[in-house]
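Summary of the model geometry
Here's the letter readout for the chains.
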Amino acid sequence: MTTPTARTPRSLFTAPAPAPPAVRRSRRRAAALGLLAWLTGVVFAFPALWMVLTSLRSETDAATSPPSLGAPLTLDGYRAFFGGGAAPWPPLINSAGASLFATLLVLALALPAAYALSVRPVRRWTDVMFFFLSTKMLPVVAGLLPVYLFAKDTGMLDNIWLLVLLYTSMNLPIAVWMLRSFLADVPVAVIEAARIDGAGTPTVLVRVVAPIIGPGIAATALICFIFSWNELLFARVLTSVTAQTAPVFLTGFVTSQGLFLAQLCAASVVVSLPVLAAGFAAQDRLVQGLSLGAVK
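Residues numbered from 1 in each chain as written. Predicted model: local features only at pLDDT ≥ 70, side-chain atom pairs only at ≥ 80, totals over all residues. Heavy atoms only, no water.

1. Structural notes on the overall build of the chain
Basically, it comes down to this: Segments assigned H or I by DSSP are reported as helices when at least four residues long, segments assigned E as strands when at least two residues long, and all are numbered from the N terminus. Residue burial is assigned from relative accessible area. The probe radius is 1.4 Å, only protein chains are included, and a residue is buried under 20% of its type maximum, exposed over 50%, and partly exposed in between. Working rule for contacts: check all heavy atoms of both residues, and any pair within 4.5 Å makes them a contact.
When helices and strands are tallied, the chain shows 14 helices and two strands. Counting every position in the chain, which comprises 296 residues, the buried fraction comes to 35%. Contacts in the chain between residues far apart in sequence, at least 24 positions, make up 76% of those at least 6 positions apart.

2. Section: the nonpolar core
So the rule is basically this: Throughout this description, the term nonpolar core refers to a set of buried Ala, Val, Leu, Ile, Met, Phe, Trp, Tyr and Cys residues connected via side-chain atoms within 4.5 Å.
If you look at the biggest cluster of nonpolar residues, it comprises 29 residues, and the most contacted ones within it are Tyr 115, Leu 183, Val 204 and Ile 213. Sorting the residues of this core by element identifies α4 (89–118), α5 (125–134), α7 (160–183), α8 (188–196), α9 (201–212) and α10 (214–230) as the ones contributing at least two each. Broken down by element, the residue count for this core peaks at seven residues, all from α4. Those residues within four positions of Ile 213 in sequence are excluded, and the remaining contacts are Leu 111, Phe 182, Leu 183 and Val 186. Counting 18 residues, the second largest nonpolar core, distinct from the first, contains Trp 229, Leu 264, Ala 267 and Val 271.

3. Notes on the confidence of the model for the chain
Keep this limit in mind: For every residue, the predictor assigns a confidence score, pLDDT, that lies between 0 and 100.
Per-residue confidence for the chain gives a mean pLDDT of 82, with 87% of residues at or over 70. Within the chain, helix α14 (residues 283–295) has the poorest average pLDDT of any element, 59, and helix α11 (residues 233–238) the best, 92.

4. What about the packing of α9 against α10?
Between two packed helices, both the angle of their axes relative to each other and the distance between the axes serve to describe the pair. For clarity, the cut-off: Note on definitions: angles span 0 to 180 degrees between N-to-C directions of axes, and those axes are lines fitted to C-alpha atoms, for helices only across the stretch in contact. In what follows, roughly perpendicular refers to angles from 65 to 115 degrees, roughly parallel to angles under 35, roughly antiparallel to angles over 145, and oblique to any angle outside these ranges. Throughout, the ten residues Ala, Val, Leu, Ile, Met, Phe, Trp, Tyr, Cys and Pro are labelled nonpolar, Asp, Glu, Lys and Arg are labelled charged, and all others, Gly among them, are labelled polar.
Direction vectors running N to C along α9 and α10 enclose 80°, while the axes themselves pass 4 Å from each other. Between α9 and α10, the crossing angle belongs to the class labelled roughly perpendicular. Residues Ala 210, Pro 211 and Ile 212 of α9 touch α10, and the partners they reach there are Gly 214, Pro 215 and Ile 217. Classifying every residue of the contact of α9 with α10 gives five nonpolar, one polar and no charged.

5. Digging into the environment of Thr 201
Relative to the helices and strands, Thr 201 resides in helix α9. C-alpha separation for the pair Thr 201 and Tyr 115, spaced 86 residues apart in sequence, amounts to 9.7 Å. If near-sequence neighbours (up to four positions away) are discounted, Thr 201 is found in contact with Tyr 115 and Arg 195.

6. Details of the pattern of salt bridges
Just so we agree on the cut-off: By definition here, a salt bridge exists when the distance from a side-chain nitrogen of Lys or Arg to a carboxyl oxygen of Asp or Glu is within 4 Å.
Under the defined criterion, the tally for this structure stands at one salt bridge. A salt bridge links Arg 79 to Asp 76; its shortest N-O distance comes to 2.8 Å. With Arg 79 and Asp 76 both in helix α3 (residues 76–83), this residue pair falls three residues apart, about one helical turn. Arg 79 gets classed as exposed once you look at its relative accessible area, which sits at 52%.

7. Re a positive patch on the surface
Test applied: What goes into a patch is any residue over 30% in relative accessible area without a salt bridge, connected to like charges within 9 Å or, for nonpolar side chains (Val, Leu, Ile, Met, Phe, Trp, Tyr), within 5 Å. Residue exposure ignores everything except the shown protein chains as possible cover, and the areas themselves are Shrake-Rupley values with a 1.4 Å probe. Charge assignment: positive for Lys and Arg, negative for Asp and Glu; neither His nor the chain ends contribute. Note on charges: their place is set at NZ of Lys, CZ of Arg, CG of Asp or CD of Glu.
On the surface, a cluster of positive charge is made up of Arg 24, Arg 25, Arg 28 and Arg 29. Positionally, Arg 28 belongs in helix α1 (residues 21–55).

8. Details of α10
Applied cut-off: By definition here, a helix of n residues has an expected span of 1.5 Å times n minus one.
Taking 1.5 Å of rise per residue, 17 residues should cover 24 Å, and α10 covers 24 Å from first to last C-alpha, within 8% of that figure. Burial within α10 is extensive, with twelve of its 17 residues counted as buried. By the burial criterion, the buried members of α10 are Gly 216, Ile 217, Ala 219, Thr 220, Ala 221, Leu 222, Ile 223, Cys 224, Phe 225, Ile 226, Ser 228 and Trp 229.

Here it is as structure tokens:
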């Protein structure tokens, strides 16, 4: 009787089989795209990071060319911004008030318009959408003189409510386009069910449509707020002291005595913080609103 031969135990350290060429190419492509995305992010973030670094330098170190990376850090720029001659709080409050009121007014006008163009489409709605889009094709500076003459004749120069009306008219087209993209995804059956229950159009908009497209409304409001907050041309020409906004206040650091670069960067950081915080908090909804508004 022959004894069975002992089997050789399989090694626990056997090297795994090499990945197929297609898998290796896919991994290299993903790594290259990831590296490209990081490099793009660094390029976009570099000016903002350099602005923050310059705001922490003295005026002498900030004005050196080429700049010195080893210069000592200081908060003198921020002390001069908050404790200088001109108080920054009135311009900041004016920017916040004008941007907030304009954003609320844009939403109040854009939501019914987008509802009429999507859920209850009007005749020749494509022509209406093109008309909204055509208003953004006019250069802003081309309408500056007529607006200035109108404000002068009506006594609305240096008036914050004039900026509210201007920001509303400037942001209304993009708000209608974006909200229509979100409203196109609302099931018509939900709206019809609300109408069967006796709900009118205002009730449908406030209690049915608005909760469904809440992320779209938030993204639209954020974009309109950012555009209003950053507007400079109209605010620079139409305001002086009473209705001066934060971007106009920043231009005061460029004087005949020179450019106070450290103070200007410190002021720019402070003025940018509200929109940066809002954009970071709602970045997912912002990207969704931009992509849907552009594609659909």
